[in-house]
Amino acid sequence: MTKYPISYIQYLAHFHGDRDYFECHEILEEYWKATDAGNKKSIWVALILLAVSNYHHRRKNFSGATRTLIKAMEIFADDKEATSRLGIDPELLSGTLSKRKEDLLNRLPYTSFNLPVCDSELKKLCHEECRKNGFTWGASSDLQNPDLIHRHSTRDRTDVISDRRMALEERRNKEK
């Protein structure tokens, strides 16, 4: 049994393996909502925002990438203890993210980077998760893959649309 949630291990495998930041967001958002919903200062929110920032950066949305990175950096800075508990070196992370912010402000193209995971048990679990999914830990992002780069516009949104329609109908019924 590990001290790390499987959702976190999956997040890290995608973050460092196939670089599917949209999937990183989906995995941790679900976990966050189940464990710490509503806490906008949660370490899980910081990790979600970091993935979103990378997604935007890769798509050359510099303002969105910068905005979400700054929010993530604030949460990481405010809760270095939680960052450490998640097996990430908070000081190295701060340096890495400061460099990313500088790159974004200078409108430099996206490049893949790794989080400073400092727990050997966590690294081992993440490498196993990568192998299980056919990913290579530390591989560079496939910048030629439009499904990866534009995932938000190519995914199946049937469930989301259906849920929104049901919520709208419920609101209308309450107004009657």
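Everything that follows concerns the structure shown earlier in this document.
Since we're looking at a predicted model, the values are computed, not measured. (Residues numbered from 1 in each chain as written. Predicted model: local features only at pLDDT ≥ 70, side-chain atom pairs only at ≥ 80, totals over all residues. Heavy atoms only, no water.)

Participant: Outline the packing of aromatic side chains, supporting the account with residue identities and numerical values.
Facilitator: By the definition in use, this model includes 8 aromatic pairs. By way of ring pairs, the aromatic residues Tyr11, Phe15, Tyr21, Tyr110 and Phe113 are connected into one cluster. Note that Arg58 overlies the ring of Tyr110, its terminal NZ or CZ placed 5.8 Å from the centroid. (Phe/Tyr/Trp six-rings, centres within 6.5 Å; stacked < 30°, edge-to-face > 60°. Lys NZ or Arg CZ within 6 Å of the ring centre and 35° of its normal.)

Participant: So, the nonpolar core: which residues are in play, and what are the values?
Facilitator: Ranked by internal contacts, the top residues of the largest apolar core, which has 41 residues, are Tyr8, Tyr11, Leu50, Phe76 and Leu115. Those elements that provide at least two residues to this core are helix H1 (6-16), helix H2 (21-35), helix H3 (43-58), helix H4 (62-78), helix H6 (90-105) and helix H7 (120-133). Considering every element that reaches this core, the biggest residue donor is H3, with 11 residues. Sequence-distant contacts of Tyr8, defined by excluding residues within four places in its chain, comprise Leu28, Trp44, Leu47, Leu86, Ile88 and Leu122. (Core = buried A, V, L, I, M, F, W, Y, C linked by side-chain atoms within 4.5 Å. Buried < 20%, exposed > 50% of the residue type's maximum accessible area, 1.4 Å probe, protein only. Helix = DSSP H or I, 4+ residues; strand = E, 2+ residues; numbered from the N terminus. Contact = heavy atoms within 4.5 Å.)

Participant: Lay out unusual backbone geometry with the relevant residues and their values.
Facilitator: Look at Arg19: it is not a glycine, yet its phi comes out positive at around 60 degrees. Looking at Arg19, the relative accessible area reads 1%, which means it is buried. Even without being a glycine, Arg107 presents a positive backbone phi close to 55 degrees. As for its placement among the helices and strands, Arg107 is situated in the loop between H6 and H7.

Participant: Can you break down H2 residue by residue, with the values?
Facilitator: With 15 residues, H2 should reach 21 Å at 1.5 Å per residue; the first-to-last C-alpha distance of 21 Å fits that figure. Looking only at H2, the buried set comprises Tyr21, Phe22, Cys24, His25, Ile27, Leu28 and Trp32. (Expected span 1.5 Å × (residues − 1).)

Participant: Describe the side chain of Arg100, and please don't skip the residues or the numbers.
Facilitator: Within the secondary structure layout, Arg100 lies in helix H6. For the buried Arg100, no salt bridge is present, and the opposite-charge side chain at shortest range is Asp103, 4.9 Å distant. A polar contact of 3.5 Å, which involves the side chain of Arg100, links it to the side chain of His57. Ignoring sequence-local partners within four residues, the contact set of Arg100 consists of Asn54, His57, Leu69, Tyr110, Thr111, Ser112 and Phe113. (Lys, Arg positive; Asp, Glu negative; His and termini not counted. Salt bridge = Lys/Arg side-chain N within 4 Å of Asp/Glu carboxyl O. Polar contact = N/O pair within 3.5 Å; in protein donor to acceptor, adjacent residues only side chain to side chain.)

Participant: Break down H4 for me, with residues and values.
Facilitator: The terminal C-alpha atoms of H4, which comprises 17 residues, lie 24 Å apart, in line with the 24 Å expected from a rise of 1.5 Å per residue. The complete set of buried residues in H4 reads Phe62, Gly64, Ala65, Thr66, Thr68, Leu69, Ala72, Met73, Ile75 and Phe76. Those residues of H4 that are buried lie in contact with H3, helix H5 (80-85) and H6.

Participant: Give a description of the side chain of Glu129 that names residues and reports values.
Facilitator: Mapping Glu129 onto the fold places it in helix H7. A residue is classified by how much of its surface remains accessible, and Glu129, at 8% relative accessible area, is buried. Residues in contact with Glu129, not counting those within four places in the same chain, are Ile6, Ile9, Gln10 and Ala13.

So, to be careful, I would describe these as geometric facts and stop short of saying anything about function.
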